[in-house]
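Per-entry structural report
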Amino acid sequence: MSITPSRLGTRLAAVTLSLAAAGGALAVVAAPAQAASGPAHTGVGRHDGAVECRGRGTDPDALVRYGTEILIDAPPSTVFKTQTDVERWPSWQDAVLTSDRLDHGPLRPGSAFRWTTPVPATPATPATTLTVTSTVQQLRRDHCVRWSGPATGEGIHIDEGIHVWTFTKVKGGTLVRTEETWTGDQAEADVDLSTQALGAGLEVWLKDLKAAAEARTGC
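Structural notes, computed from the coordinates. Every value quoted in this text rests on a predicted model; they were computed, and no experiment measured them. (Residues numbered from 1 in each chain as written. Predicted model: local features only at pLDDT ≥ 70, side-chain atom pairs only at ≥ 80, totals over all residues. Heavy atoms only, no water.)

**Description of the overall build of the chain**
- Per the secondary structure count, the chain includes five helices and seven strands.
- Residues classed as buried in the chain amount to 54% of the 219 residues present.
- Summarising the internal contacts of the chain: among those between residues at least 6 apart in sequence, 61% fall at separations of at least 24.
- Working note: accessible area of the chain is about 9,700 Å², and carbon and sulfur atoms make up 51% of it. (Helix = DSSP H or I, 4+ residues; strand = E, 2+ residues; numbered from the N terminus. Buried < 20%, exposed > 50% of the residue type's maximum accessible area, 1.4 Å probe, protein only. Contact = heavy atoms within 4.5 Å. Areas by Shrake-Rupley, 256 points an atom, 1.4 Å probe, with all protein chains shown as cover.)

Shown next as structure tokens:
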């Protein structure tokens, strides 16, 4: 069986394929990660340097990790605001159904938010809604943010995802770098496929962030 992702399904199918494969037999091939637009893309699981926020990065022992970057033609303040206004994610990310803050005020260390994404059925798992609960661990306004938390759906579970974003002013706009790690038995049962799926999701996220942030500045 093969799955042909739609615009929405590109990211969703990637996540589903990795987690379903980790949970049981799956006779499909995951679509390869799409390259981020522009020359800034660094490839699967690689960066020229650590991606950290206030000295903290992803899980150094995680088997599943992916890092990438993109150049966005907008100032860091605009990109940071677009990314950290988590309640507005559904307005510019097709794959996000809902996103709700669990506290009030500006996003800060200790802030938590819960967001959902639909996951189509596969031979190994039923159609479900993946619920991700993220807690901000570190944040430096207009420069970086780091959050972590579990993701759970029917037949799907990631024990902990740690996600770090940095926003650096460069010639031409803002260089956005991101790295994420997954831990847990399901994700680690097929590291290559999980990494491929994680990468596909992050590449689509970066492209959506670029479009949303540039639209704010009229680029």
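**Observations regarding the packing of helix α2 (residues 76-84) against helix α5 (residues 191-217)**
- Two numbers describe how α2 lies on α5: the axes approach to 9 Å, and their chain directions differ by 120°. In terms of axis orientation, α2 runs oblique to α5. As α2 runs across α5, the sense of the crossing is right-handed. Listed contacts from α5 to T78, V79, K81, T82 and Q83 of α2 are W205, L209, A212, A213, R216 and T217.
- Along the lines of polarity and charge, the residues of the contact of α2 with α5 split into five nonpolar, four polar and two charged. (Axes fitted to C-alpha atoms, helices over the stretch in contact; angles between N-to-C directions. Parallel < 35°, antiparallel > 145°, perpendicular 65-115°, else oblique. Left-handed = near helix turned anticlockwise from the far one by under 90°. Nonpolar A, V, L, I, M, F, W, Y, C, P; charged D, E, K, R; others polar.)

**Quick word on the sheet that holds strand β1 (residues 64-72)**
- Ordered in space as β1-β7-β6-β5-β4-β3-β2, the seven strands form an open sheet in which the pairing is antiparallel. Edge strands, defined here as strands with exactly one partner in the open sheet, are β1 and β2 (98-101). With direction set aside, neighbouring strand axes in the sheet form an average angle of 20°.
- Bridging between strand β5 (residues 144-153) and strand β6 (residues 156-170) involves nine bridges; their strand directions are antiparallel. Residue pairing across strands places T152 opposite H157, the latter belonging to β6. (Pairing = 2+ DSSP bridges.)

**Regarding the pairing of strand β3 (residues 112-119)**
- With seven of eight residues buried, β3 lies mostly within the body of the structure.
- In the sheet, β2 pairs with β3 via four bridges, with the strands oriented antiparallel. Residue pairing across strands places S99 opposite W115, the latter belonging to β3.
- Pairing between β3 and strand β4 (residues 128-140): eight bridges, direction antiparallel. Bridged to A112 within β4 is T135.

**As for the pattern of salt bridges**
- Evaluation of the coordinates by the stated rule reveals six salt bridges.
- The salt bridge partner of R177 is E69, with a shortest N-O separation of 3.2 Å. You can see R177 sitting in strand β7 (residues 173-183) and its partner E69 sitting in strand β1, a full 108 residues away along the chain. Of the two residues, R177 and E69, both sit in the buried class.
- In this structure, R108 engages D103 in a salt bridge whose closest nitrogen and oxygen atoms are separated by 3.7 Å.
- On the basis of relative accessibility, which here comes to 36%, the residue R108 falls in the partly exposed class. (Salt bridge = Lys/Arg side-chain N within 4 Å of Asp/Glu carboxyl O.)

**Focus: the side chain of D59**
- Within the fold, D59 resides in the loop between α1 (9-23) and β1.
- Buried and without a salt bridge, D59 has R65 as its closest oppositely charged side chain, separated by 5.5 Å.
- Dropping the residues within four chain positions of it, D59 is found in contact with R65, I162, T181 and T183. (Lys, Arg positive; Asp, Glu negative; His and termini not counted.)

**What about the packing of aromatic side chains?**
- For the structure shown, the criterion picks out eight aromatic pairs.
- Consider the rings of F113 and W147, whose centres lie 5.3 Å apart with planes at 90°: the pair is edge-to-face. Here W147 lies in strand β5 and F113 lies in strand β3, a separation of 34 residues in the sequence.
- Residue classification places W147 among the buried positions, given a relative accessible area of 3%.
- Where W165 meets W205, the ring centres are 5.2 Å apart and the plane angle is 55°; that geometry is what we call tilted. Linking W165 in strand β6 with W205 in helix α5, this pair joins segments that are 40 residues apart in sequence. The pair W165 / W205 is uniform in exposure class, with both members buried.
- Of the aromatic side chains, those joined through ring pairs into one cluster are W89, F113, W115, W147, W165 and W205. (Phe/Tyr/Trp six-rings, centres within 6.5 Å; stacked < 30°, edge-to-face > 60°.)

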